[in-house]
Amino acid sequence: MTTITIGVLALQGGVAEHLSLLRKAAATIATSEFQFTFIEVRTTDQLAQCDALIIPGGESTTMAIVARRLGLLDPLRQFVKIDCKPVWGTCAGLVMLAEEASATKQGGQELVGGLDVRVLRNRYGTQIQSFVADLKLPFLGGDAEPPFRGVFIRAPVVEEIMTSSSARTSKQAVGEGQVDGEGKKSTPVEVLGVFQNTEASTGGADEDIVAVRQHNVFGTSFHPELTDDVRIHVWWLKQVLDAVRHKNLVVRAV
Ligand SMILES: NC(=O)CC[C@H](N)C(=O)O
């Protein structure tokens, strides 16, 4: 039996909630072929054990500062962009996985990158402007109904998807001048979920992009881990399974 190790970056934020929902999700897709093990990631050694990673919600500026101090920023970039392992960022995690962010604190903030998008932080205002909204998420296929209860807390949205040339110039560097791993180069950003924003007070577009995927990288503006709905965790674990199986096939074929 193959063991797949899934990490949750545990520097700050909603770590326990993800672990709890991951365990529930894993129980629904147990196979005799694979088993999942879930770990908290605070060190480069722990990251190196992982086949896939979740970067949780919390505060992306704090997470970046702590990751820098622990020497995790470049290993995270390597994990996402060179090793191309499956990574999912929720809320602050989505900010971390963007190549660019706007509405950052003065002086900007460091990002991991991996998604060729610019996110707008705190799109809907402050903590007290948090809200819950029903989202139609067709990527869930047969599990798309009923709508998913999206929990938005100081949530970012994807305000721009970069063209391949603008993406090339803004890459968050991995080490010295390296670029993305082979597999990702030609994969466009897919919009997997939008929020119909009918609140005039928030201004701007009436359709906000709140879920995206590009090759191995998935991001959501909202917090599925703050619900008891396992559907997105189940979907993502299945994506991880596919990625691991595919890698196994490639390894065997060589
Ligand atoms: N709930 C959250 O994760 C908030 C994210 C926060 N606004 C940030 O930019 O990091």
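The name that an unreviewed UniProt entry assigns to the chain is glutaminase, with the source organism given as Podospora didyma. Comment text from UniProt for the chain, heading Catalytic activity (unreviewed entry), reads "L-glutamine + H2O = L-glutamate + NH4(+)".

It is worth spelling out the UniProt feature "binding site: L-glutamine" (unreviewed entry) in the chain at this point. This chain's UniProt record puts "binding site: L-glutamine" (unreviewed entry) on Gly58, Glu59, Ser60, Arg121, Ile153 and Arg154. Separation in sequence by 97 residues is not matched in space for these annotated residues, since their most distant C-alpha atoms are only 12.9 Å apart. Judged by its relative accessible area of 22%, Ile153 falls in the partly exposed class. Leaving out residues up to four positions away in the same chain, Ile153 has contacts with Cys91, Gln127, Ser130, His223 and Leu226. Apart from residues no more than four positions distant in its own chain, Arg154 is found in contact with Gly58, Glu59, Cys91, Asn122, Gly125, Thr126, Gln127 and Ser130. Among the polar contacts listed, one links the side chain of Arg154 to the side chain of Glu59, at a separation of 2.9 Å.

Moving on: helix α3 (residues 60–69). Three or more residues of α3 are buried, namely Ser60, Thr61, Met63, Ala64 and Ala67. Along the long axis of α3, the arc covered by the buried residues comes to 165°, so they all point the same way. Residues of α3 that are buried in the fold lie against β3 (52–55), α4 (73–82) and α5 (92–97). Phi turns positive one or two residues past the end of α3, at Gly71, with a value near 70°.

A few words now on the UniProt feature "active site" (unreviewed entry) in the chain. Residues annotated in UniProt with the feature "active site" (unreviewed entry) correspond here to Cys91, His223 and Glu225. What stands out for the annotated residues spanning 135 residues is how close their C-alpha atoms remain, the widest pair being 10.8 Å apart. Here Cys91 is to be found in the loop between β4 (87–90) and α5. Setting aside residues no more than four positions away along its own chain, Cys91 makes contact with Gly57, Ile153, Arg154, Ala155, Pro156, Thr220, Ser221, Phe222 and His223. Tracing the backbone shows Glu225 in the loop between β12 (217–220) and α7 (231–253). Under the relative-accessibility criterion, Glu225 is labelled buried at 5%.

The next thing to look at is the pattern of salt bridges. Counted by the stated rule, this structure contains 13 salt bridges. Put simply, Arg123 and Asp208 hold a salt bridge, and the shortest N to O gap is 3.4 Å. Of this pair, Arg123 sits in the loop between β6 (115–120) and β7 (131–135) while Asp208 sits in strand β11 (residues 207–214), and the two are 85 residues apart along the sequence. The class for Arg123 is buried, based on a relative accessible area of 12%.

Calculation rules
Residues numbered from 1 in each chain as written. Predicted model: local features only at pLDDT ≥ 70, side-chain atom pairs only at ≥ 80, totals over all residues. Heavy atoms only, no water. UniProt positions renumbered as here; feature names shortened; annotations may be inferred. Buried < 20%, exposed > 50% of the residue type's maximum accessible area, 1.4 Å probe, protein only. Contact = heavy atoms within 4.5 Å. Polar contact = N/O pair within 3.5 Å; in protein donor to acceptor, adjacent residues only side chain to side chain. Helix = DSSP H or I, 4+ residues; strand = E, 2+ residues; numbered from the N terminus. Arc of directions from axis to C-beta. Salt bridge = Lys/Arg side-chain N within 4 Å of Asp/Glu carboxyl O.

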